[in-house]
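Here is how the chains run, residue by residue.
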Amino acid sequence: MDTHTHLEDLSNEIFFEIFDYLHALDIFTAFASLNKRILSILKSISLHVIILNSHYDREIQFLSSHLTFHAHQVVSLYIYDTIRDRSSIISLLFNRHHFINLQSCKFISINSSTELDNVIKQVKSLNRLVTFVITQPIYQNNNKKYICDITRTILMHKSSSLRSVMLRYNYDYLDISTYTSIASNLISLDLLMSGTLNIVSLYSILPILRVCHRIRYLHVIINHQIVPEYVNLNVSIRHPFINENNLPISPQVTTFDLSTFGICDFRSIAYILRCMPNLIRFKFLHGTQRVPLPVVDNLVNGYAWQQMLETYVPFLSKFDFFISILKKYRKLDLDMVVNSFQHFVEKYPKWQMIIDRWVLASNMFHTQYLQLNMGKMTPRITSFPLFQHIECLVIYMPIILSSSSNNSLNIVNSVQSNDNDDLQQCVTYLSHVVHLPNVNQIGFQSYADTSRWKDIQFILQACPNLINLTISPLYLVLSEFIDNQFLISIFKKIKFLKAILENRYVPLNFVSKLVQRFPSLTGIELEVFSFNDCVSTIDILLSHLKNLSYLKIYYKQVSLLDHPFSRNYIIDKRREAFGFNIIDEHKVIVKRNGESVEIRLS
């Protein structure tokens, strides 16, 4: 008697439950060719389309062929515009299909050459749209006409279902006062307001509040695209004329998240908060390095913050902030700063004050990414890390120089000792800034020396979940580092390794040891001296790293001998080492120019 349950024995309800956990490409790949019953079920389910930058054109073409009959079932889109071997995916899909029942639409990194006419036309007609998101890299500028059109289309959308909008691209919103109407039921708005200092400021938020009457959750990023090289630190910021009797009061706003990467001051913050009398949660991030001198005193003055918040937002129950400034004038009295915020420590549960002198990167839009300079910091630490959710950490490692200075803020002097306690103290300071167990990616940026290898060892030992490592090839080949018994178990867990430094090459005779130390690698980027070394390095990597899916090898010297690096050569090499099923030949991509060979295996 056959007691096994077959796929066909499952009820329709279970299939519906299964399909809720899968996106459209997976569903069509696994189930579209089974039987008529499954095909019938597929016609009545909601579809979620997810296209990542790791997908291939052939997969998109396969998906599109099925969407011809199922586009009306798509309720959500999450699309990277550029995939591994093609760009403008968004326009491709919207030119072919009509997503009439779309509820959630998210576009990531729209290519500058992508034509959005059909996209804008379709979005305008969507009457079930609930969520719309566009996120762009901060450095990428798109077609101004498309940006203007899509901004107006979304913010003036007629759908009564639209609730949440995120527009993270460079735009100044100067024309928002000309909008005849705003989406009536929009309650969550997230905008990146970007432009020059004389165009965009915190005051640019006021017109937003004037036209968005039902917003409850507001997140605004202010970014000054061109910040002057030199800022007179003794001048006052110019303020526009504000009619205090005609402020756009927004009593419905309960959550305000403000990130400013431009020049701002206390007065402008106060004007914005005056418009939100019922605010409950306020998060403030100040990431501008150069700050006019009069502004600093208020930004780090807890008494001034207390007075402003109690006056304008009396119902505030949660207040978080991070302030990063670059100071080249008088030193702050850190004890005075900490003491001035004592009110907040007492008022808000678990609220603590952390203040450190570090050198941080100014561009911190992504709160899971942090850059630090190991050259300077102050050991003023508290009981928990300032940054709890950092996953990617970049650390600049200055050369250790001899010095007679007794500056307590300079960690370089303290690590000259061979005493491991001093080195461990450096990691302790780091752990009070970053929750190191959450870090899975570290990049060590260093000069052409290996004086900080011991520091790197201690930092790596403090990051138990590290899988992605960027490091100078000088450290990589250093015997004290690569043969370090405390690091071998860490090396075995690394999945991506990058070791590139100008005019410093990984020697060919080291590659065999590299694959022994890093057996779990799925991706690797190296630079070798010659094309001949490149050929031999690739052969070793292909033959010894079973999990390898990506490699890019740079070389300096071009050889007279050529090597085709054909797809068949790569496929045969992998199958010779690991068997026939080790590779999907359809996913193999080989790119070669005069400086590197890049191979994708999956």
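What counts, and where the lines are drawn
Residues numbered from 1 in each chain as written. Predicted model: local features only at pLDDT ≥ 70, side-chain atom pairs only at ≥ 80, totals over all residues. Heavy atoms only, no water. Helix = DSSP H or I, 4+ residues; strand = E, 2+ residues; numbered from the N terminus. Contact = heavy atoms within 4.5 Å. Areas by Shrake-Rupley, 256 points an atom, 1.4 Å probe, with all protein chains shown as cover. Pairing = 2+ DSSP bridges. Axes fitted to C-alpha atoms, helices over the stretch in contact; angles between N-to-C directions. Phe/Tyr/Trp six-rings, centres within 6.5 Å; stacked < 30°, edge-to-face > 60°. Buried < 20%, exposed > 50% of the residue type's maximum accessible area, 1.4 Å probe, protein only. Lys NZ or Arg CZ within 6 Å of the ring centre and 35° of its normal. Right-handed = clockwise from strand over helix to strand, strands pointing away. Parallel < 35°, antiparallel > 145°, perpendicular 65-115°, else oblique. Nonpolar A, V, L, I, M, F, W, Y, C, P; charged D, E, K, R; others polar. Left-handed = near helix turned anticlockwise from the far one by under 90°. Salt bridge = Lys/Arg side-chain N within 4 Å of Asp/Glu carboxyl O. pLDDT = per-residue confidence, 0-100. Core = buried A, V, L, I, M, F, W, Y, C linked by side-chain atoms within 4.5 Å. Expected span 1.5 Å × (residues − 1). Lys, Arg positive; Asp, Glu negative; His and termini not counted.

Remarks on the overall build of the chain
A count of helical and extended segments in the chain gives 22 helices and 19 strands. For the chain, the share of sequence-separated contacts (at least 6 apart) that also reach a separation of at least 24 residues comes to 77%. A total accessible area of about 29,100 Å² is found for the chain, and carbon and sulfur atoms account for 50% of it.

Considerations on the sheet that holds strand E1 (residues 47–51)
One open sheet accounts for ten strands, arranged E1-E2-E3-E4-E5-E6-E7-E8-E9-E10; its pairing is parallel. At either margin of the open sheet sits one strand with a lone partner, and together these are E1 and strand E10 (318–323). Across the sheet, the mean angle separating the axes of adjacent strands is 5 degrees when strand polarity is ignored. The pairing of strand E7 (residues 217–224) with strand E8 (residues 255–261) spans seven bridges and is parallel. By the bridge assignment, isoleucine 222 is partnered in E8 with threonine 260.

Observations concerning the packing of aromatic side chains
Counted according to the given criterion, the structure contains 23 aromatic pairs. Aromatic pair phenylalanine 282 and phenylalanine 319: ring centres 5.8 Å apart, planes at 15 degrees, arrangement stacked. With phenylalanine 282 in strand E9 (residues 281–286) and phenylalanine 319 in strand E10, this pair connects stretches of sequence that are 37 residues apart. Here the two residues phenylalanine 282 and phenylalanine 319 agree in accessibility, since each one is buried. Taken together, Phe256, Phe266, Phe282, Phe284, Trp305, Phe319, Phe321, Phe341 and Phe344 form an aromatic cluster joined through their ring pairs. Residue placement shows arginine 575 over the ring face of phenylalanine 580; its charged tip is 3.8 Å from the ring centre.

A word on the pairing of E8
E8 sits mainly inside the fold: seven of its seven residues count as buried. Here E8 shows no split at all, with Thr255, Asp257, Ser259 and Phe261 on one side and Phe256, Leu258 and Thr260 on the other all buried. Examined bridge by bridge, E8 and E9 share six bridges and lie parallel to one another. Its bridge partner being in E9, threonine 255 is matched across the sheet by arginine 281. Taken together, E8, helix H9 (residues 266–274) and E9 form a β-α-β motif whose crossover is right-handed.

A closer look at the packing of helix H21 (residues 531–544) against helix H22 (residues 567–578)
Contact pair H21 / H22: the axes reach a minimum separation of 8 Å and the direction vectors enclose 45 degrees. Comparing their axes, H22 and H21 come out oblique. Between H21 and H22, the contacting residues are Asp539, Leu541, Leu542, Ser543 and His544 on the first element and Tyr569, Ile570, Lys573, Arg574, Ala577 and Phe578 on the second. The residue inventory of the contact of H21 with H22, partitioned by class, reads six nonpolar, two polar and three charged.

Topic: the packing of helix H4 (residues 57–70) against helix H5 (residues 89–96)
H5 packs onto H4 with a crossing angle of 20 degrees between their chain directions and a minimal axis gap of 11 Å. On the basis of the axis angle, H4 is roughly parallel to H5. With respect to the hand of their crossing, H4 and H5 are arranged in right-handed fashion. Packed against H4, whose contacting residues are Ile60, Gln61, Ser64 and Leu67, the element H5 presents Ile89, Leu92, Leu93 and Arg96 at the interface. Of the residues contributing to the contact of H4 with H5, the split by class is five nonpolar, two polar and one charged.

Regarding the pattern of salt bridges
One pass over the structure, following the stated rule, counts twelve salt bridges. A salt bridge links arginine 58 to aspartate 584; its shortest N-O distance comes to 3.6 Å. Here aspartate 584 lies in the loop between H22 and strand E18 (589–592) and arginine 58 lies in helix H4, a separation of 526 residues in the sequence. By relative accessible area, arginine 58 is classed as partly exposed at 36%. Across the salt bridge formed by arginine 152 and aspartate 175, the nearest N and O atoms sit 3.6 Å from each other. Within this pair, whereas arginine 152 is found in helix H7 (residues 144–155), its partner aspartate 175 is found in the loop between strand E5 (164–171) and strand E6 (188–195), the two being separated by 23 residues in sequence. Note on arginine 152: relative accessible area 30%, which makes it partly exposed.

Observations concerning the confidence of the model for the chain
The share of residues in the chain with pLDDT of 70 or more is 83%, and the mean pLDDT across the chain is 83. For residues 359–367, every residue scores under 50 in pLDDT, and the model assigns this stretch 30 contacts once sequence neighbours within four places are set aside. In the model, residues 401–418 has pLDDT below 50 throughout and makes 33 contacts with residues more than four positions away in sequence or in other chains.

Quick notes on the nonpolar core
Phe256, Phe282 and Trp305 are the most contacted members of the largest nonpolar core, which has 107 residues in total. With six residues, H9 is the largest single contributor of residues to this core. With sequence-adjacent residues up to four places away left out, phenylalanine 256 is seen in contact with Ile205, Leu218, Val220, Ile272, Leu273, Met276, Leu279, Arg281, Phe282 and Lys283. In terms of nonpolar packing, the next biggest core, distinct from the first, is built from 67 residues, Met397, Ile459, Ile524 and Ile570 among them.

So, the pairing of strand E15 (residues 496–499)
Of the two faces of E15, only the one carrying Leu497 and Ala499 is buried; Phe496 and Lys498 on the other face are not. The pairing of E15 with strand E16 (residues 523–530) spans four bridges and is parallel. Residue pairing in the sheet places lysine 498 in a bridge with glutamate 525 of E16. For the segment spanning E15, helix H20 (residues 511–517) and E16, crossover handedness is right-handed.

Remarks on the environment of asparagine 503
Note on placement: asparagine 503 falls in the loop between E15 and H20. Distance from asparagine 503 to valine 528, taken between C-alpha atoms, is 9.4 Å for residues 25 residues apart in sequence.

Structural notes on H21
For H21, built from 14 residues, the straight-helix expectation of 20 Å at 1.5 Å per residue is met to within 8% by its first-to-last C-alpha distance of 20 Å. Burial of H21 is extensive: ten of the 14 residues sit out of reach of the surface. For H21, every residue scored as buried is listed here: Phe531, Asp533, Cys534, Val535, Thr537, Ile538, Asp539, Ile540, Leu541 and Leu542. Contacts from the buried residues of H21 go to H20, E16, strand E17 (550–557), H22, E18 and strand E19 (596–600).

Some thoughts on the side chain of aspartate 533
Secondary-structure assignment places aspartate 533 in helix H21. For aspartate 533, which is buried and forms no salt bridge, the nearest opposite charge comes from lysine 556, at a distance of 14 Å. If near-sequence neighbours (up to four positions away) are discounted, aspartate 533 is found in contact with Leu508 and Val528.

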